[in-house]
Amino acid sequence: MPTKTSRRAAVAAASSPDTAPAAPVTKRDRTHYLYIAVIIAVALGITVGLVAPDFAVELKPIGTGFVNLIKMMISPIIFCTIVLGIGSVRKAAKVGAVGGIAMVYFLAMSLVALGIGLVVGNILEPGTGLQITDAIKDAGHEQVDSEAKDTTEFLLGLIPTTMVSAFTSETVLQTLLIALLAGFALQAMGSAGEPILRGVEHIQRLVFRILAMVMWAAPVGAFGAIAAVTGSAGVDALKKLAILMLGFYVTCFLFVFIVLGALLRIVAGLNILTLFKYLGREFLLILSTSSSESALPRLIAKMEHLGVSKPVVGITVPTGYSFNLDGTMIYMTMASLFIADAMGTPMSIGEQIPLLLFLLVASKGAAGVTGAGLATLAGGLQSHKPALVDGIGLIVGIDRFMSEARALTNFAGNAVATVLIGTWTKEIDKDKVSQVLAGQLPFDEKTLLDDDGHGGPAAEAPEQSGDKELAKA
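Rules and cut-offs
- Residues numbered from 1 in each chain as written.
- Predicted model: local features only at pLDDT ≥ 70, side-chain atom pairs only at ≥ 80, totals over all residues.
- Heavy atoms only, no water.
- Buried < 20%, exposed > 50% of the residue type's maximum accessible area, 1.4 Å probe, protein only.
- Helix = DSSP H or I, 4+ residues; strand = E, 2+ residues; numbered from the N terminus.
- Arc of directions from axis to C-beta.
- Contact = heavy atoms within 4.5 Å.
- Polar contact = N/O pair within 3.5 Å; in protein donor to acceptor, adjacent residues only side chain to side chain.
- Phe/Tyr/Trp six-rings, centres within 6.5 Å; stacked < 30°, edge-to-face > 60°.
- pLDDT = per-residue confidence, 0-100.
- Patch = residues over 30% accessible without salt bridge, like charges linked within 9 Å, V, L, I, M, F, W, Y side chains within 5 Å.
- Areas by Shrake-Rupley, 256 points an atom, 1.4 Å probe, with all protein chains shown as cover.
- Salt bridge = Lys/Arg side-chain N within 4 Å of Asp/Glu carboxyl O.

Undergrad: Any chance you could explain helix α21 (residues 430-437) here in plain terms?
TA: Each turn of an α-helix holds 3.6 residues, which means side chains three or four residues apart point in the same direction. When α21 is considered as a whole, its buried residues turn out to be Lys432, Val433, Val436 and Leu437. Down the axis of α21, the buried side of the element spans an arc of 125°, and every buried residue falls inside it. Each element contacted by the buried residues of α21 is listed here: α12 (272-278) and α14 (296-306). Its side-chain oxygen at 3.2 Å from the backbone nitrogen of aspartate 431, aspartate 429 defines the N-terminal cap of α21.

Undergrad: Which parts of the structure should I look at to understand the packing of aromatic side chains?
TA: Think of a pair of aromatic rings as described by two things: how far the centres are apart, and how the planes are tilted against each other in angle. Inspection of every chain in the model, using the stated rule, returns eight aromatic pairs. Aromatic pair phenylalanine 276 and phenylalanine 283: ring centres 5.0 Å apart, planes at 70°, arrangement edge-to-face. Both residues of the pair, phenylalanine 276 and phenylalanine 283, count as buried. Judged by centre distance (5.1 Å) and plane angle (80°), the rings of phenylalanine 283 and phenylalanine 411 are edge-to-face. On the criterion of sequence distance, the pair formed by phenylalanine 283 in helix α13 (residues 280-289) and phenylalanine 411 in helix α20 (residues 399-424) is long-range, its members being 128 residues apart. You can call phenylalanine 411 buried: its relative accessible area is 0%. An aromatic cluster is defined as three or more aromatic residues linked by ring pairs; in this entry it consists of Phe253, Phe257, Phe276, Phe283 and Phe411.

Undergrad: So what exactly am I meant to see when it comes to the confidence of the model for the protein chain here?
TA: Close reading of the predicted structure is inappropriate where its pLDDT is low. Taken over all residues, the pLDDT of the protein chain has a mean of 74, while the share at 70 or more is 70%. Across the protein chain, element-level confidence peaks in α12 with a mean pLDDT of 92 and bottoms out in helix α6 (residues 134-145) with 47. Contacts from residues 11-26, a stretch scored under 50 in pLDDT, to residues over four places away or in other chains number three contacts. Note on residues 365-370: pLDDT under 50 across the span, and 21 contacts to partners over four residues away in sequence or across chains.

Undergrad: What is the right way to read the side chain of threonine 175 from this model?
TA: Of note, threonine 175 is situated in helix α8 (residues 172-189). Note on threonine 175: relative accessible area 1%, which makes it buried.

Undergrad: Help me out: how do you make sense of unusual backbone geometry in this one?
TA: Trans is the common state for peptide bonds, and a negative phi is the common state for residues other than glycine. A positive phi angle is found at lysine 426, which is not glycine, with a value near 55°. Looking at where lysine 426 falls in the secondary structure, it is placed in the loop between α20 and α21.

Undergrad: Help me understand a nonpolar patch on the surface, please; the structure alone is not making it clear to me.
TA: On the surface, a nonpolar cluster with roughly 660 Å² of combined accessible area is contributed by Leu246, Val250, Phe253, Leu254, Phe257, Ile258 and Leu273. In terms of residue count, helix α11 (residues 242-268) provides more of the nonpolar patch than any other element does, six residues in total. By secondary structure assignment, the location of leucine 273 is in helix α12. The class of leucine 273 is exposed, set by a relative accessible area of 53%.

Undergrad: Mind showing me how you'd approach the environment of leucine 69 here?
TA: Among the structural elements, leucine 69 can be located in helix α4 (residues 60-87). The class for leucine 69 is partly exposed, based on a relative accessible area of 33%. For leucine 69 and valine 214, which are 145 residues apart along the polypeptide, the C-alpha to C-alpha distance reads 7.0 Å.

What follows is the structure, given as structure tokens:
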């Protein structure tokens, strides 16, 4: 019969590192097959669009349906992220500091993007020599009549009819307003609000799980969207306006990799290519849908996983999708100059700057969905320089292709902004950033959340550590 000593030795031996039970084997991530399928679907969509354009145009509802599936998830994800982020922060001043820094940065980057577009547009002068027909004039005015909104209507539109209606509207800023109010209210409730925060956290897990399921429809959506675009525009339209498209794509490329890349390296010490590699699947999703909004929920999840705190992600990403539209800024600058040249009324620098500053204000609140840039341009020109509205019809045919670069640039700008603002506010776990970008902490594609359900570092570091270091979630 074994003695107590021998039994204790046996227990110690069983718990020693040499004999410890092996960790459970994690299931292999098979979601990479999904994005391979997306690439194949895009290629098939282009082929169908060129071979059978009439049939391809009829496939447009497939792409629209997929984007709508993603959009239905945006409001609950933004609400949960912001409520959890703000509700868990002890000091409201920290949230205000993040929002203030974000808005100053967004304005500065918008001005930089406008400036770059202004320089390139004046150098290329791509619209010179084109002819404006009556059909083109009618197409331009159609963009204004249904979409134009003045500043007062935009500001009043930020207030939802009811708290619940914010989740059913297409205005992201309405959800943002309700989420901010709920977050600050829970923050003021203290310990009494903790059960509600736990409930919101469970809802967030549910919503992200649904999103992961919806993503499996991405290949079908990508096929329908690309086929419809290729079939409707055709090769001829692309040839005629190739200079404008090429100039726009090059300008966006230079802005992202020179301006944003330099900022990211100087402020955060990161290589922009490494960050973009981490966000590769999101870029592919945007490329196949022409909508940066389709990747918004995944950007929130990935930025939290990267190591940026919940308050920074919850405020910067949703706000940036309405106020940090670098690609849209470049687009409106070059498109305005293109239209003015095409109509034989080129604008002087003195005329260009007031118009572009007006468009800078008019563009705030433009959603990251397909066609929003064109509608914003039409509304801005109608309000500030109506004579140019006739020429908007010139770019209607290629707007979807320009929307690709516009959406990619907007997304890249918001991803970089989140890292930069997290660095400036000391709300980023740099050790975790290094591990994630090195591939040591892979992103969970099934739940879109970390194992602890928080995705990133704690909302606020313990008081004794000051601002020097964030607590791990």
